[in-house]
Amino acid sequence: MPYQDPYFRLLIEHSSDAIALVSREGKIVYASPAIKRILGYSSTEFQKINVINLINQDDLVLLTDQIKTLVENRGKTVRFQCRVIHKDGTWRWIESVSTNLLDQVDLQALVFNFRDITDQKEIELRKDEFISIASHELKTPLASLKGFAQILVRAVQEAPDPEKILHYSLKINDQIDRLAELVGDLLDVSKIRSGKLELNRERFSIDTLILEIAEDMQDITPGLKIETSLQANRQIYADKYRISQVLVNLISNAIKYSPKEQKIVISSKAISAGIQISVQDFGIGIFKKDLDHIFEQFYQARNKIRKSFSGLGLGLYISSEIIKRHGGKIWAESEKGVGSTFFVVLSIK
Ligand code: ADP
């Protein structure tokens, strides 16, 4: 049989995809060593198990149909995806391309070529989830806008009351700001993804910028004390607008995720690599398992808490891309229930 040929055998055994040959009787007659990496079983172990038992019930009906089509059509190639349980008990998404070569005298087998696509699937699922969150986030201010606009029309038609009109006009203004912010984030992500996020660098004092932003944010958040300890004492050469965006994002998060009336401490200092900024809060904190992922696109620290805070989960992704474009570093340290500190390091040149 050709799979006994040493040359082809070597090729198959070193392929990153796993290959299994299944006889007319449904018996696995060969499984390549890559199976170990993909599903945890050695080739011999795999040949002995009933593979059907490893497949997720929800995928089984479709899969059985596909295999039936495959078996009944000589020479046919069928592609399918299904969830298979790994020897370690975790579910893996597997993609298989299988060909009916039962008629090939030398082979007489169904050839299953398969690979692990779990990571890819995870990204797809996150994209779907993201689209649903994004639509929801855009719909909420739109619905409020519609409501406020209707009230305004009625107020003007009935008995024009300047105070009422002013009140609802301000509300409309707030909702428009919120929409503009969401759309702005989406546009930034698209710029980042297409490599079109341009930096307009200028020289400015980082301490002055932080102080201005901290004062503005303090004005709109009277319930919470924003403290500053600004000792960088340096001019940096960076995109002031984009760096402000990062600072506003970090400070708004610190405020947003500090449900109790707490304080926030913003510090800056000079270090050998340039300057280091930190934004510390004493809020809800972040689970260790989420900490490595909060800067990723489409990652939401998925927990019940997430539902009670609005946001697209894009702020940190955009911030980290801005800092990376500057050649700097951004990271977070956090303890659940104690608080979080976000750090930014930027060179001064
Ligand atoms: P958003 O706040 O819109 O969800 P971000 O990208 O700004 O998006 O943050 C991503 C996630 O990181 C948040 O959903 C939240 O779970 C977590 N996070 C960010 N900053 C903090 C913080 N200061 N404290 C606790 N969790 C935070």
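Residues numbered from 1 in each chain as written. Predicted model: local features only at pLDDT ≥ 70, side-chain atom pairs only at ≥ 80, totals over all residues. Heavy atoms only, no water.

## Considering the packing of aromatic side chains
For the structure on display, the rule yields four aromatic pairs. Between Phe46 and Phe114 the ring centres are 6.5 Å apart and the planes differ by 40°, which places this aromatic pair in the tilted class. On the criterion of sequence distance, the pair formed by Phe46 in helix H3 (residues 43-48) and Phe114 in strand E5 (residues 109-116) is long-range, its members being 68 residues apart. Under the relative-accessibility criterion, Phe114 is labelled buried at 8%. Here Trp331 and Phe343 contribute two aromatic rings whose centre-to-centre distance is 5.0 Å and whose plane-to-plane angle is 15°, an arrangement assigned as stacked. Taken as a pair, Trp331 in strand E11 (residues 329-335) and Phe343 in strand E12 (residues 339-346) lie far apart in primary sequence, 12 residues in all. Residue classification places Phe343 among the buried residues on the basis of a relative accessible area of 12%. In this structure, Lys121 is placed above the aromatic ring of Trp93, and the distance from its NZ or CZ to the ring centre is 4.4 Å. Positioned above the aromatic ring of Phe287, the side-chain terminus of Lys336 is 4.7 Å from the ring centre. (Phe/Tyr/Trp six-rings, centres within 6.5 Å; stacked < 30°, edge-to-face > 60°. Helix = DSSP H or I, 4+ residues; strand = E, 2+ residues; numbered from the N terminus. Buried < 20%, exposed > 50% of the residue type's maximum accessible area, 1.4 Å probe, protein only. Lys NZ or Arg CZ within 6 Å of the ring centre and 35° of its normal.)

## Brief notes about helix H6 (residues 162-193)
Here H6 spans 46 Å end to end across 32 residues, near enough to the 46 Å set by a 1.5 Å rise per residue. On its buried side, H6 packs onto helix H5 (118-157), helix H8 (240-256) and helix H11 (315-325). At the C-terminal side of H6, Gly195 shows a positive phi close to 70°. (Expected span 1.5 Å × (residues − 1). Contact = heavy atoms within 4.5 Å.)

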